[in-house]
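Tertiary structure, described
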There are 2 protein chains.
Amino acid sequence: MNSTVVADSVRAAIARNAASTLLARSTALAACTDKPGEILRTFLSPAMERVHQRMQPWFETAGAIVSVDRAGNLRAFYPSASNENSPRLLIGSHLDTVPNAGAYDGVLGVLMGLALVEGLSGRKMPFAVEIIGFSDEEGTRFGIPFLGSRAVVNQLDDALLGKDANGITIREALSDYAAGHPEAIETSLSSMTTGYLEFHIEQGPVLESKKLALGVVDSLAGQSRCHLVFNGRAGHAGTTPMLLRRDALAAAAEWMTRCEMIASNVEGLMATVGQISAEPGGVNVIPGTVRCSLDVRHTDDTVRGQSVRVILEEAHAIAARRGMQVDAEEYHAQPAVHLDSAMISLCDKAVRQAGYASIRMTSGAGHDAMVIAPHLPAAMVFLRSPGGISHHPDESVLEEDVAAAIHAGLCFLDEFALFLAEKEGNPIA
Amino acid sequence: MNSTVVADSVRAAIARNAASTLLARSTALAACTDKPGEILRTFLSPAMERVHQRMQPWFETAGAIVSVDRAGNLRAFYPSASNENSPRLLIGSHLDTVPNAGAYDGVLGVLMGLALVEGLSGRKMPFAVEIIGFSDEEGTRFGIPFLGSRAVVNQLDDALLGKDANGITIREALSDYAAGHPEAIETSLSSMTTGYLEFHIEQGPVLESKKLALGVVDSLAGQSRCHLVFNGRAGHAGTTPMLLRRDALAAAAEWMTRCEMIASNVEGLMATVGQISAEPGGVNVIPGTVRCSLDVRHTDDTVRGQSVRVILEEAHAIAARRGMQVDAEEYHAQPAVHLDSAMISLCDKAVRQAGYASIRMTSGAGHDAMVIAPHLPAAMVFLRSPGGISHHPDESVLEEDVAAAIHAGLCFLDEFALFLAEKEGNPIA
């Protein structure tokens, strides 16, 4: 079959059915977890393998060829109407999760890709579609995010020595994975790939506050991740007078309150301490060592860089005043990213064509699109997040919003075909 | 052999040899650990079992009969010169440790009991000596301290439902232990027990600052232990503006800084947060739940009680201002304890007789003597702690101070015999 523009009422009907299927699939995939009782899927884990197994027949039924690549990304290829050398549209998001996650962050974007090729009902486009389920975006296992998308753009090298809680390096994990999956394909993108589209829940309150189902993202905030170790001196909780203590947790607490204050006073700045541990960890022992994380975000890279400096300097000042040391390191910095204007326009057009109001917005969260955008024209569409809740079991998405996204996505596929044809100076085939 | 007072020069020589043996034994026992690479021994654990196995032949060679009781306490009985109905002196301390502990806290007091009966070189006293190695004083496993000593004075009942990290209750742990040790003796003390003596490292800087080897403890600070849970709301670190967050860790941090400030402003008050955990624990997730411990000590129970109230009220006020909840519970309160004046005098006398200056001091740390003192005339002797360091791998004790303690202890045994004889109106046998 060749590409034929489909009536919009047909698309709306397809989208309504597909939305209900997508939600059921999200629930089914949520059962694939590395930790019973909550949703947790980490890079190359057994639960990730089970997700791949669950998704494979869905993709195959839709006419796509399913593989995994050597970085553990799920790759599903839906061929074009013409030949192997057609342009290729990449649609994707990630399949890993934070600890105790919701069922939609990441997964929804991969299932959107599936819903869109299913929605073509066998029709082929003048471009191939590749759906990608990235193996790591959250960085839960190694504390280093975007491992899946970094691998497909060949930018994993500097992260390869990161270690997980068991001391396994990323390099070792990848090499074990490759050994267990001799069928895994090359990780790099095909040179014919000409665009990237990612659907994702907003994970914030903006669309809900504006009563909108969808938003088109034009830029993503940059983010810094730091690791801090406060080195004080452990001691007995009953025999060391308060003024003679070098309590690493008291120092970290003072720093965390400063950190919160600094972030609250800079418009649009967010700073989060999400992980903390105190050693030795006895009820009656003054903590000698405290390790904690710091996540800082802003859409202006200069503001972010300055803020990280101020916050880490604050840690050093507090430690010095208390006669102790702090090791503070920014181990990951992701600049703010502006998405592709042509792709953004296509998204705007598609959303409007589907009958929805469109707004442009920025993303405070990092997404795989950040890593892909420097290499491919990329765009993102956000779906409203009820209550702005994400990274939490209560994370949800409305079925009507999923239908809106699928409807807009189907419009996008036709808009993208027109765009490619215009770019090549040819009328659509 | 009957009780015969031994010349003091002989005692000094015995003590010098015995001190070196005691230090070697401490090192040997430090190798019995539940966590390779650090010293950790918890209630009824495999490492505790190995400590018992190591100590048994030492006690038996010294002429003592070794048992374990149903609470996992090590019990070594050194008979009197006369008969089964002789008075009995209890000498002991605990064999469990905090995480990443030193080699002397607790263990030293049990090895002191061994060194003293060895120092009698087969001589029998008009009283029996029972050496006890308590199975739990630190509360590391269940968060509830003094399980061993509470068991011997039949005050374990209200602690039996405490759970360890694996959800095992104290009751279940004890019943498993009894099943695996059918030979275990009854836990209660013999009704003939007439005194309790505990040697312990000071774990603080007082004796060192006064250049003294030994100090006689007259009272122990009371302590409160609390558990707090800050319940905020987890969320995405990049999409939730600072002012809309309910960050449980930011709340806990603010509370910890207040807690430190309150304790610093009350003379003699100590407040310590030794344990903390943040959930869900992702680098890029706002913590929704923070659990932490609180340890508060003071020699005046009224001051301690008021301080705990103020500190917990502060937690509620901070949580309320941030639109979140906190659960705060004082799960253990140990009143300050004043030791027995007659026993204290005997210790003073013994220390002086051994040729050392004696001072009276209070203990900021809790000890098994706190639990035993309401039931038996009890006394404690502290040994200088170099650097005041304790609950830390650098914890140490000077060999000369151990010799001083053994010398004084041998003097104590003879003083105790005289004391018993005088009490009964009889000259010493």
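Please read all numbers here as calculations on a predicted model, not as lab measurements.

A word on the overall build of chain A. The helix and strand tally for chain A stands at 11 helices and 16 strands. With the C-alpha coordinates of chain A rotated into their principal frame, the extents come out at 80 × 45 × 35 Å. Across the 429 residues of chain A, 62% fall into the buried class. Taking contacts inside chain A between residues at least 6 apart in sequence as the whole, the part at least 24 apart equals 77%. Accessible area of chain A: about 15,500 Å², with a carbon and sulfur share of 51%. Measuring between centres, the 34 positive side-chain charges of chain A sit 2 Å from its 50 negative side-chain charges.

Moving on to the domain arrangement of chain A. Residues and elements named next belong to chain A. On domain assignment, one finds that chain A holds domain 1 (8–221 + 336–423) and domain 2 (222–334). Counting from both sides, the interface comprises 15 residues of domain 1 and, opposite them, 11 residues of domain 2. Between domain 1 and domain 2, roughly 950 Å² of surface is buried when both sides are summed, and carbon and sulfur atoms account for 52% of that area. Among the residues of domain 1 in contact with domain 2, P145, A221 and A336 are the three that bury the most area, contributing 41% of the side total. Taken together, the connections running from domain 1 to domain 2 amount to 0 salt bridges. Between the two partners, domain 1 and domain 2, sit 4 residue pairs in polar contact (both at pLDDT 80 or more).

On to the relation of the copies chain B and chain A, then. For the pair chain B and chain A, the relating rotation is 180 degrees, the translation along its axis is 0.0 Å, and the fit reaches an RMSD of 0.1 Å. Viewed as a symmetry operation, the transformation between the two copies matches a two-fold axis. Among all residues of chain B, the minimum C-alpha distance to the rotation axis is found for A253 of chain B, at 2.2 Å. When the interface residues of chain B are mapped onto chain A, 100% of them again fall at the interface, so both copies present the same face.

This brings us to the interface of chain B and chain A. The interface of chain B with chain A comprises 56 residues on the first partner and 56 residues on the second. Where chain B abuts chain A, roughly 4,800 Å² becomes buried across the two surfaces, and 62% of that area is made up of carbon and sulfur atoms. Taken as a group, H236, M242 and V283 of chain B account for 15% of the area that chain B buries against chain A, more than any other trio of residues on that side. In this structure, the connection of chain B to chain A is made through 2 salt bridges. Two residues, R322 of chain A and E260 of chain B, come together in a salt bridge whose shortest N-O distance is 2.7 Å.

Here we take up the pairing of strand β10 (residues 276–279) of chain B. The side chains of a regular strand alternate, first on one face of the sheet and then on the other. Residue and element names in this part refer to chain B. Side chains I276 and A278 of β10 all project onto a buried face; the interleaved residues S277 and E279 project onto a face where none is buried. Note that β10 and strand β12 (residues 289–298) share 4 bridges and pair antiparallel. Looking at the pairing, A278 lines up with V290 of β12.

To continue, consider the packing of helix α1 (residues 8–30) of chain B against helix α3 (residues 107–119) of chain B. Residues and elements named next belong to chain B. For the pair α1 and α3, interaxial distance at closest approach is 10 Å and the crossing angle is 140 degrees. Our classification of the angle between α1 and α3 gives oblique. The interaxial crossing formed by α1 with α3 has right-handed handedness. Here α1 contributes I14, L22, R25, S26 and L29 to the contact with α3, which in turn contributes V107, L108, L111, M112, L114, A115, E118 and G119. Residue composition of the contact of α1 with α3, grouped by class: 9 nonpolar, 2 polar and 2 charged.

Turning our eyes to something else, we now look at the environment of L174 of chain A. Residue and element names in this part refer to chain A. Within the secondary structure, L174 sits in helix α5 (residues 170–180). For the pair L174 and L44, spaced 130 residues apart in sequence, the C-alpha separation works out to 8.1 Å. The contact partners of L174, leaving out residues within four places of it in the chain, are F43, L44, R70, A71, L156 and L160.

The rules behind each value
- Residues numbered from 1 in each chain as written.
- Chains lettered and ligands numbered in written order.
- Predicted model: local features only at pLDDT ≥ 70, side-chain atom pairs only at ≥ 80, totals over all residues.
- Heavy atoms only, no water.
- Helix = DSSP H or I, 4+ residues; strand = E, 2+ residues; numbered from the N terminus.
- Buried < 20%, exposed > 50% of the residue type's maximum accessible area, 1.4 Å probe, protein only.
- Contact = heavy atoms within 4.5 Å.
- Areas by Shrake-Rupley, 256 points an atom, 1.4 Å probe, with all protein chains shown as cover.
- Lys, Arg positive; Asp, Glu negative; His and termini not counted.
- Charge placed at Lys NZ, Arg CZ, Asp CG, Glu CD.
- Domains from an automatic or database assignment.
- Buried area = accessible area lost by both parts, 1.4 Å probe.
- Salt bridge = Lys/Arg side-chain N within 4 Å of Asp/Glu carboxyl O.
- Polar contact = N/O pair within 3.5 Å; in protein donor to acceptor, adjacent residues only side chain to side chain.
- Least-squares fit on C-alpha atoms with pLDDT ≥ 70 in both.
- Pairing = 2+ DSSP bridges.
- Axes fitted to C-alpha atoms, helices over the stretch in contact; angles between N-to-C directions.
- Parallel < 35°, antiparallel > 145°, perpendicular 65-115°, else oblique.
- Left-handed = near helix turned anticlockwise from the far one by under 90°.
- Nonpolar A, V, L, I, M, F, W, Y, C, P; charged D, E, K, R; others polar.

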